[in-house]
Each structure stands twice: as structure tokens, then as C-alpha cells.
Amino acid sequence: MMQLIYSPTSPYARKCRILVRELALQHVVTEIADNPFEDSATLLQANPLGRVPCLVLDDGQALTESGLISAWLNDRAATPWSSGWDDRRLEALGSGLLDLAVARRVEMVRDEAIYSSFWLGRRERGILRTLDELERECATPVEPLSLGGLTIALAVDYLDFRFPECEWRQQRPGLAALHGAWAGRASFAATAPPL
């Protein structure tokens, strides 16, 4: 049986955990919680990068990036989601938003002596620009059950988790509707990060 190594607070790992549920792959994927900051032998043996998510395949090979893992899981589903170039473009925008939000979080928990207001401000401006772009994209409703739709919903949900002061919903009804479509799904609730 394949093993998905994850951290409960990682939005990247959460994407893969949601796909396991949505694509009905629970019978072939076992989830193993791990803390990447503890450098456990289990994680480092599977992924020398020391990051989650990591999907260990039946033959022992490992897939180490959420985008790659997501595409691999989708490929093996009995009923895969369609994933054309437009969806991939939206997935990349959502992933970029996640990258900015996670980098902002890292900057905020650094020791004050090495804290950089420049990088914090740069990431915050990038987050706002990307949210505005995603709202423009949502003028034509985005298919929720797609890798792009899921990634975008996860990115704004991560903002709720780590930066509730962002208030990203203001003047972004399309983005809020996409998030709402996911928020009501069992897979989204079952993989929510601990408070």
C-alpha cells in the first residue's frame, strides 16, 4: 500500500489528502502524520528534502511535490478530474498564492533580530495582487472539482487559518463562492488543520 507522509498544518499535504478522499483512493493510500521539523527517519528515508507531502509508491520510489503527487493521484483515479492547460494555469496561480502565504508565515515567526519588513511587505503585496487576479478569474466560475479550483480554495483557506486579518473576502465574491463550494465538502472538513 502506498504511504502519504503529511503534516496536519501543511496546505500542500492537505491538497493531496483531499484528493485521496475525493478520488476514492483511500483503499490504496495510507496517510502517515509526521513533523518535518523533527527530521524523522521515516520522512528523511523517503524524502531527502525533508519536506511534506511525500507519497511513497508501492515500489519504494517517492514523489515529493504536491503538484506532482496531485497529478499522479488524478491519473490513477477511476474517474479523474479533467486537467487542461487553463486548469493548470489556475493551479499554478493558487500554488503561487500558497507559496507567498507560507513564506509570509515563515517570516513572521523568525527571530526578531533577523525579521525583514521588506520581505514581509513584498509577500503581502503579492498576496493581494494574486487575490485580485483570482477574483478576475472567478468572473467566469471556476470548476470546483479541478486541481486549479482545489488549490485556489486551499490557498484562501490557509489565509483564514494563518492570517484571518487579511479579510480576503471583501470585494471578492467569486473567490468566496469558490471557497464556499469546497468548505461544505466532507474531504475539506476532514483535513482541516488543527486549531
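Here the structure is shown first, and the text comes after it.
Residues numbered from 1 in each chain as written. Predicted model: local features only at pLDDT ≥ 70, side-chain atom pairs only at ≥ 80, totals over all residues. Heavy atoms only, no water.

(A) Inspection of the overall build of the chain at higher detail. Within the chain one finds eight helices and four strands. The order of helices and strands in the chain, counted from the N terminus, is β-α-β-α-β-β-α-α-α-α-α-α. In terms of overall dimensions, the chain has C-alpha extents of about 45 × 45 × 30 Å along its principal axes. A buried classification covers 46% of the 195 residues belonging to the chain. Taking as baseline every contact in the chain between residues at least 6 positions apart, the subset at least 24 positions apart corresponds to 69%. About 10,100 Å² of surface is accessible on the chain, with carbon and sulfur atoms providing 54% of the total. The centroid of the 20 positive side-chain charges in the chain is displaced by 3 Å from the centroid of its 26 negative side-chain charges. (Helix = DSSP H or I, 4+ residues; strand = E, 2+ residues; numbered from the N terminus. Buried < 20%, exposed > 50% of the residue type's maximum accessible area, 1.4 Å probe, protein only. Contact = heavy atoms within 4.5 Å. Areas by Shrake-Rupley, 256 points an atom, 1.4 Å probe, with all protein chains shown as cover. Lys, Arg positive; Asp, Glu negative; His and termini not counted. Charge placed at Lys NZ, Arg CZ, Asp CG, Glu CD.)

(B) Quick look at the pairing of strand 1 (residues 2-6). Within strand 1, four of the five residues are buried, leaving the element largely enclosed by the surrounding structure. Relative to strand 3 (residues 54-56), strand 1 runs antiparallel, the two sharing three bridges. In the strand pairing of strand 3, Gln3 is matched with Val56. (Pairing = 2+ DSSP bridges.)

(C) Structural detail: the environment of Ile69. Looking at the secondary structure, you find Ile69 in helix 3 (residues 66-76). When the C-alpha positions of Ile69 and Cys54 are compared, they lie 7.8 Å apart, and in sequence the two are 15 residues distant. Setting aside anything within four residues of it in sequence, one finds Ile69 in contact with Cys16, Pro53, Cys54, Leu55, Leu63 and Thr64.

(D) A look at the pattern of salt bridges. Under the criterion given, the structure shown has 16 salt bridges. For the salt bridge of Glu65 with Arg51, the shortest nitrogen-to-oxygen distance reads 2.4 Å. One end of the pair, Glu65, is in the loop between strand 4 (62-63) and helix 3; the other, Arg51, is in the loop between helix 2 (41-46) and strand 3, and 14 residues separate them in sequence. A salt bridge links Arg76 to Asp75; the nearest nitrogen and oxygen atoms lie 3.9 Å apart. (Salt bridge = Lys/Arg side-chain N within 4 Å of Asp/Glu carboxyl O.)

(E) Fine view of unusual backbone geometry. Cis geometry is found at the peptide bond from Val52 to Pro53, where omega equals 5°. Along the chain, Pro53 turns up in the loop between helix 2 and strand 3. Phi at Ala24 is positive, roughly 55°, even though this residue is not glycine. Relative accessible area serves as the criterion here: at 46%, Ala24 is assigned to the partly exposed category. Even without being a glycine, Asp39 presents a positive backbone phi close to 50°. Looking at where Asp39 falls in the secondary structure, it is placed in the loop between strand 2 (29-33) and helix 2. On the basis of relative accessible area, Asp39 is assigned to the partly exposed category, the value being 48%.

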